[in-house]
Amino acid sequence: MEQNNFSFKKYAWQQFKKNKSALISLYILVGLVFIALFAPIIANDQPLYCKYKGETFYPAFSTLVNSSKVDSVMNDAGVVEQLQFDITDWRKLDLESVVWAPIPYSPDKGDRYNREYVSPLDEQRYKNSDNEIVAIPSRLRHVMGTDKIGRDLASGLVHGTRISLLVGVLAMGIASIIGVFLGALAGFFGDRNLLMPRAKYIFTLIGVFLAFFYGFGVRKYTLANAFSEGNGLIELFISFLIIVAILVGLRLLSRLFKFGWLGKEVSVPIDTYISRGIEILNSIPRLILIITISAIFVRSIWLIMVIIGLTSWTGIARFTRAEFLRIRELEYIQAAKSLGYSNFRAVAKHALPNALAPVFVSIAFGVASAILIESSLSFLGIGVPDDVVTWGSLLNLGRQEFEAWWLVMFPGFAIFITITIYNLIGEGLRDALDPRLKS
Amino acid sequence: MLKYIAKRVLIFIPTLLAISLLAFILNISAPADPVEKLSNTADKEGAANQQSNASKKTKQDLRKKLGLDLPIFYFSFGSLSDCDTLYKVADKDHAATLSELSHYYGNWEDVSAYFHQLSNVQTSHSSLDLEEIFMMNTDIDSNPLYSKNEINDVITQSNFEVNAMMETANPSVLESKFNSLDELYSNYSFLSVVKNEFDLAKVSYEKMLSQKSSWKSYVPQIIWYGSKNQYHFWLFGDGKLRKGLVRGDFGYSYIDSQPINTKIWSKVWISFSFSILSVLFAYIISIPLGIYSAYKKDSKFDRISSIVVFVLYSMPGFFIGVLLLYTFANPDTLRWFPISGIQDPTLFNPDWSFWEKTAHRAPFFILPLITYTYSSFAFLSRIMRVGVIDVFGQDYIRTARAKGLGEGKVVMKHALRNSLLPIITVFANIFPLAIGGSVIIETIFTIPGMGFEIYNSILNSDYPMIVAVFTIVGFLTMIGYLVADVLYAVVDPRISYK
């Protein structure tokens, strides 16, 4: 009975659970994801809930939906009082009941009374409702200090979590799609096994040119505008759809030319193409390449993620290729082929699930290095807009002021811990998924 | 083996061409215009003067001198709406506007006519004479209508608006500028010269809109330029000043017009000494550490050192660097080491002997060197440990022990040699690292090496430098891989290349 219920996934999870440090890292990661998801609720200078002049508001939530929300209340004297949610200083209002965010500051707004690097240990100032400057109430303390213009570090860290995790997920998402796809192509077909009629070959080559032309060339201004407005990813996705549509369309079109010289089958040296491409990309210093590209385009955090993704797929592709080289010789693939299954089915249904285990490991390590690259870039002040708070940019602020140790220690440790847990998870995955590598 | 090496070296050529071309295209498509920067540093007379004819002429000459008035490559891949002589437009912002306009409207003739007319409007400003206008503009009692300041302000404003129009293709922005300028010109009659040109520009703008044929930007087109292009000259020289890459010449820097080769040579020794010293230290620490903890696997020592090494491995380099600076070069805590640079300019004497120089520089080198070393150290000792553990499980080790060999001999002679592979991998990275430099570490410590140089080149759009670095690093990386592969075969006879 036991034997029947055996599944590789279950086995791998059991193995993973045995690795204590990997498991703890996974819990910490879940915690970080939680912080990232609820950042605007954890750190916000607007109350989560408040009652003012008899009316109930949820400012932190309302501004999530509509950042310039305006509401009004009726005064006792019958005067209408305008409340623009993101500008109003809620602390000054005479609220009847209120629930504050755990960190009552927003990352991008400076506290005017605590400018010029206020240490978390030093005395912090506060202007109370009688307009007197007093010591800060403990609820409002900047627990991790402030920077030059009085922005709260703890709030910056919480919001920076979003960016760091997103970089990891998005950049590696892009990298793994490209890497797995190209690696599988190269490994499964090699130089000799990808056969196609000449017409299809020619049409695909033309299709690549046309796809890039219509996907990027024609849409370059649309894309550039979209990235500077912040919805570049959607446009990029549309470009991607156009590319796929053109490639598929031309492949279908090529079926019409199945005669004579055009109809003859030729082998495509796909492995050589892809391996050369990997070699070229690997010979370029990655950080310098990323810095150069991000110096060219508009500063946008989304663009940085895309660039990191587009330049870091080679490792994954090499892993996938090696796995496929091994798998394609195995009996079950031979069986699938002799049963007459299509190449696509053999790859997608039979080879891919078995090749993914080591790829996951390399993705986990890749996430760590993507986060490292993003924080290095924002540390150098390249590519990330000035108003976006990231861990790297916070650390850079600390580098410029020798007394502000908190600006170095807290973001530095945040980066360090995130990278460490991804590395530990990667190790745990490697031990669990790939028994061959276990010592 | 020789055949294998020859084959690999042959592949270098297309790969290098591809890398240099990629770097070339990346840099040329950057929006920053080196000519703009250079001419600005040459003549800093304020914004009003920038568009004067004299500075236009200097810019034109500079572009010619740098070879920027040529197409980039042998051919270009674009759409039917693209103009094939766009590279001749002197100003990079104007070229961008033109290309965007032709992308939207597709009728190149009209677009260029409109743009030409706009630049006529602009030049007509320079024909205005402040004194003359001031004298002419009088009311019936021959009192001046406007003060000189007022006239000057109006002219500056009009000039500014026209300049802005030349740098945008956004229809709504253009529309509003047309309207505001219209109003300006109708209010101030002394601008009639400008107004005449402006009306013509408006006509040509309307024409451009009415003759819109945006379908053209959806038709792909390949434009052939021939061998008179920037890449060709970069590769083979232009027969005059530049000798070309095939003769080992990378051209001249845009920043200070120094030959790239001299610039790189003057910087590379710094990065090179850092990379070679750090790898040396990393070897000295990590090889014994890796072997010992593998030998004493699962002992207390192994566990603790594994954790320490893992922690170091996950530590970002810039964090370590900043922490070191904070601790050891901070007037508030410990001031043991200098903060930045590699020598003290007030004390350093170029006539010193090598040892004196070294002694002077040592304190400057220590902190960066630690930062450099620890990253390869952590990687190396982890990989050493795994490798040696793997080797210890092999049959020949058991055989060696069974033969009665001493533990020292087993480890040093049998195990060590077979775990040398990772050492080679790290060694292969020294040379590319020396040129590529560590941008981050050198920036933190302000070390005037290659990394810092590259960082500045990118920020200052010194394209010849960046292209040279890409190409050299690409070359060295491939050499490094090749040397590593050959060394693998030398160290491990089981590896062979046929």
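These numbers come from a predicted model, not from an experiment.

Colleague: Help me understand the overall build of chain A, please; the structure alone is not making it clear to me.
Modeller: When its secondary structure is counted, chain A shows 17 helices and 9 strands. In chain A, which comprises 439 residues, the share counted as buried stands at 40%. Within chain A, counting contacts between residues at least 6 apart in sequence, those at least 24 apart form 72% of the total.

Colleague: Can you help me understand the overall build of chain B in this one?
Modeller: Tallying secondary structure elements over chain B gives 22 helices and 2 strands in all. Its C-alpha atoms put chain B at 120 × 60 × 45 Å along the principal axes. Across the 498 residues that make up chain B, the buried fraction comes to 32%.

Colleague: Would you take a moment to explain the confidence of the model for chain A for this structure?
Modeller: When pLDDT is low, close inspection of the predicted coordinates is not appropriate. The predicted model of chain A averages 81 in pLDDT, with 92% of residues at 70 or higher. Looking across chain A, the model is least confident in strand 6 (residues 125–127) of chain A, with a mean pLDDT of 69, and most confident in helix 5 (residues 153–189) of chain A, with 89.

Colleague: Could you clarify how one ought to interpret the interface of chain B and chain A in this entry?
Modeller: How big an interface is tends to be stated in terms of accessible area lost as the parts join. On the side of chain A, 35 residues touch chain B, which itself brings 41 residues to the contact. Ranked by the residues each element gives to the side of chain B that touches chain A, the list is headed by helix 22 (residues 463–491) of chain B, at 7 residues. Of the residues contributing to the side of chain B that touches chain A, the split by class is 26 nonpolar, 12 polar and 3 charged.

Colleague: Please clarify how the packing of helix 18 (residues 421–428) of chain B against helix 22 of chain B should be interpreted in this entry.
Modeller: If you want to describe how two helices pack, look at the angle between their axes and the distance between the axes. All names here are of chain B. Remark: helix 18 packs on helix 22, axes separated minimally by 9 Å, with the N-to-C direction vectors making an angle of 160 degrees. It follows that helix 18 is roughly antiparallel to helix 22 by the angle criterion. Note on packing geometry: the crossing formed by helix 18 with helix 22 is right-handed. The residues of helix 22 that touch helix 18, namely those facing Leu 421, Ile 424, Thr 425 and Ala 428, are Gly 480, Tyr 481, Val 483, Ala 484, Leu 487, Tyr 488 and Val 491.

Colleague: Where do I start with the sheet that holds strand 5 (residues 97–99) of chain A in this structure?
Modeller: Two strands in a sheet stick together by hydrogen bonds in their backbones, pointing the same way (parallel) or opposite ways (antiparallel). Residue and element names in this part refer to chain A. If you trace the 3 strands from one edge of the open sheet to the other, you get 2-1-5, paired in antiparallel fashion. The open sheet has two free edges, formed respectively by strand 2 (55–57) and strand 5, since each of these has just one partner strand. Across the sheet, the axes of successive neighbouring strands diverge by a mean angle of 20 degrees, strand direction being ignored. Pairing between strand 1 (residues 49–52) and strand 2: 3 bridges, direction antiparallel. Bridge assignment links Lys 51 to a residue of strand 2, and that residue is Thr 56.

Colleague: I would appreciate a short explanation of the nonpolar core in the present structure.
Modeller: Among soluble globular proteins, nonpolar side chains are generally buried collectively. In terms of nonpolar packing, the biggest core is built from 158 residues, with A:Ile290, A:Ile308, A:Ala364 and B:Val469 touching the most fellow members. Here this core gets 19 residues from one element, more than from any other, and that element is helix 15 (residues 343–380) of chain A. B:Tyr114, B:Leu181, B:Phe198 and B:Met208 belong to the second-largest nonpolar core, a separate cluster that totals 19 residues.

Colleague: Is there a simple way to think about helix 15 of chain A in this case?
Modeller: The periodicity of an α-helix, 3.6 residues per turn, causes residues three or four positions apart to be oriented the same way. The terminal C-alpha atoms of helix 15 of chain A, which comprises 38 residues, lie only 47 Å apart, well short of the 56 Å expected from a rise of 1.5 Å per residue. Positive backbone phi, at 75 degrees, marks A:Gly381, one or two positions downstream of helix 15 of chain A.

Colleague: Would you explain unusual backbone geometry in this entry?
Modeller: The phi torsion of most residues other than glycine is negative, and most of the peptide bonds are trans. A positive phi angle, near 50 degrees, is found at B:Thr446, a position not held by glycine. You can call B:Thr446 partly exposed: it has 13 C-beta atoms within 10 Å.

Colleague: Hey, could you run me through the environment of A:Leu140 in this one?
Modeller: Residues and elements named next belong to chain A. Its place among the elements puts Leu 140 in the loop between strand 7 (133–135) and helix 5. On a C-alpha basis, the gap between Leu 140 and Pro 104 in space is 6.6 Å, while along the polypeptide they are 36 residues apart. When neighbours within four sequence positions are excluded, Leu 140 is seen to be in contact with Pro 104 and Tyr 126.

Colleague: Please clarify how the environment of A:Tyr341 should be interpreted in this entry.
Modeller: Residues and elements named next belong to chain A. Mapped onto the elements of the fold, Tyr 341 is located in the loop between helix 14 (331–338) and helix 15. In the structure, Tyr 341 is positioned 63 residues away from Ile 278 in sequence and 30 Å away in space, judged by C-alpha atoms. With near-sequence residues (within four places) excluded, Tyr 341 lies in contact with Ala 336 and Ala 346.

Colleague: Can you walk me through the packing of helix 10 (residues 270–283) of chain A against helix 1 (residues 2–28) of chain B in this structure?
Modeller: Between helix 10 of chain A and helix 1 of chain B, the shortest axis-to-axis distance is 10 Å and the interhelical angle comes to 60 degrees. Between helix 10 of chain A and helix 1 of chain B, the angle is such that the two are oblique. Like other packed secondary-structure pairs, helix 10 of chain A and helix 1 of chain B cross with a definite hand, here right-handed. Every residue of helix 1 of chain B that contacts helix 10 of chain A at A:Glu279, A:Ile280 and A:Ser283 is listed here: B:Thr15, B:Ala18 and B:Ile19. When the residues that make up the contact of helix 10 of chain A with helix 1 of chain B are grouped by side-chain class, the tally is 3 nonpolar, 2 polar and 1 charged.

Colleague: What is the right way to look at the confidence of the model for chain B in this model?
Modeller: Averaged over all residues, the pLDDT of chain B is 80; the fraction at 70 or higher stands at 94%. Taken together, the chains of this predicted complex give a pTM of 0.81 and an interface ipTM of 0.79.

Colleague: Would you take a moment to explain the environment of A:Val79 for this structure?
Modeller: Residue and element names in this part refer to chain A. Structurally, Val 79 is set in the loop between strand 3 (70–74) and strand 4 (80–84). The class of Val 79 is exposed, set by 8 C-beta atoms lying within 10 Å. Distance in space between the C-alpha atoms of Val 79 and Thr 222 is 47 Å, their sequence separation being 143 residues.

Conventions used here
Residues numbered from 1 in each chain as written. Chains lettered and ligands numbered in written order. Predicted model: local features only at pLDDT ≥ 70, side-chain atom pairs only at ≥ 80, totals over all residues. Helix = DSSP H or I, 4+ residues; strand = E, 2+ residues; numbered from the N terminus. Buried ≥ 20, exposed ≤ 12 C-beta atoms within 10 Å, placed from the backbone. Contact = placed C-beta atoms within 7 Å. pLDDT = per-residue confidence, 0-100. Nonpolar A, V, L, I, M, F, W, Y, C, P; charged D, E, K, R; others polar. Axes fitted to C-alpha atoms, helices over the stretch in contact; angles between N-to-C directions. Parallel < 35°, antiparallel > 145°, perpendicular 65-115°, else oblique. Left-handed = near helix turned anticlockwise from the far one by under 90°. Pairing = 2+ DSSP bridges. Core = buried A, V, L, I, M, F, W, Y, C linked by C-beta atoms within 7 Å. Expected span 1.5 Å × (residues − 1).

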